[in-house]
Amino acid sequence: MDQVLDAYLDRIDRHLRPMPASERVDIVQEIRSELLELEAQGLSPQAITARLGEPRELAMAYLSDAIMKNPRFSWRRLGSVAAFYSLAGLGGLIVLPATSITAVAFLICGAAVPAMGLLKLLGSLVGIEMPWTAVQFGTWTAPPAAAFLVSVGVGLLLLLAGMWLWRFTIRFIRTLAQNRPRRRG
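Now for a quick tour of the structure. Just so you know, these numbers come straight off a predicted model, no measurement behind them.

Rules used in this analysis
Residues numbered from 1 in each chain as written. Predicted model: local features only at pLDDT ≥ 70, side-chain atom pairs only at ≥ 80, totals over all residues. Heavy atoms only, no water. Phe/Tyr/Trp six-rings, centres within 6.5 Å; stacked < 30°, edge-to-face > 60°. Buried < 20%, exposed > 50% of the residue type's maximum accessible area, 1.4 Å probe, protein only. Helix = DSSP H or I, 4+ residues; strand = E, 2+ residues; numbered from the N terminus. Axes fitted to C-alpha atoms, helices over the stretch in contact; angles between N-to-C directions. Parallel < 35°, antiparallel > 145°, perpendicular 65-115°, else oblique. Left-handed = near helix turned anticlockwise from the far one by under 90°. Contact = heavy atoms within 4.5 Å. Nonpolar A, V, L, I, M, F, W, Y, C, P; charged D, E, K, R; others polar.

Enumeration according to the criterion identifies 2 aromatic pairs in this entry. For the ring pair F137 and W140, a centre distance of 6.1 Å and an interplane angle of 15° mean the geometry is stacked. Judged by relative accessible area, F137 falls into the exposed class, the value being 59%. According to the relative accessible area criterion, W140 is partly exposed, its value standing at 46%. Here W164 and F168 contribute two aromatic rings whose centre-to-centre distance is 5.7 Å and whose plane-to-plane angle is 20°, an arrangement assigned as stacked. Taken together, the residues W164 and F168, both in helix α7 (residues 144–178) and 4 residues apart, mark about one turn of the helix. Residue classification places W164 among the partly exposed positions, given a relative accessible area of 46%. In this structure F168 comes out as partly exposed when scored by relative accessible area, which is 30%.

Below, the structure written as structure tokens:
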């Protein structure tokens, strides 16, 4: 392959670096195949790169497709969101980190809060005083069983809020991607 096309492909790969390696390799391989096909059709390297567009924009289109393919939260998906964020520009400078980081924090806390309530309850059953208070209003402290039930409710609310924020993040990415040039080919 021509040196210009190799440099073009390297720039795309660099923009996709935060993605999981397996997804990045597949995308780069797909683009490489398209470059070779266009080169076999007799197009010059400059015509090929002009046809496919800026490497940053092409990488962003692939990233948005990868994120929207499966909008559920996963740590791998978070890497794709981080890569997309790095390409999103000023529009995503505040919204994407705020929603994605808050979503992850809510999801983690949604699991941790009931676990802490359960530890408090189990500790009270075996006679061990845990160093934290699960639920307290003024000077009144809830008994461990009631505190556990409250912690399950709060954990559920945090999980729901985290899932909602994650979906909002995906919708925001979809909106940004719709305003960008789409993948060609």
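Next up on the list: the packing of helix α2 (residues 21–40) against helix α3 (residues 45–52). For the pair α2 and α3, the least separation of the axes is 10 Å and the interaxial angle reads 130°. Our classification of the angle between α2 and α3 gives oblique. For the element pair α2 and α3, the recorded crossing hand is right-handed. Residues E34, L35, L38 and E39 of α2 touch α3, and the partners they reach there are I48, R51 and L52. Here the residues of the contact of α2 with α3 sort into 4 nonpolar, no polar and 3 charged.

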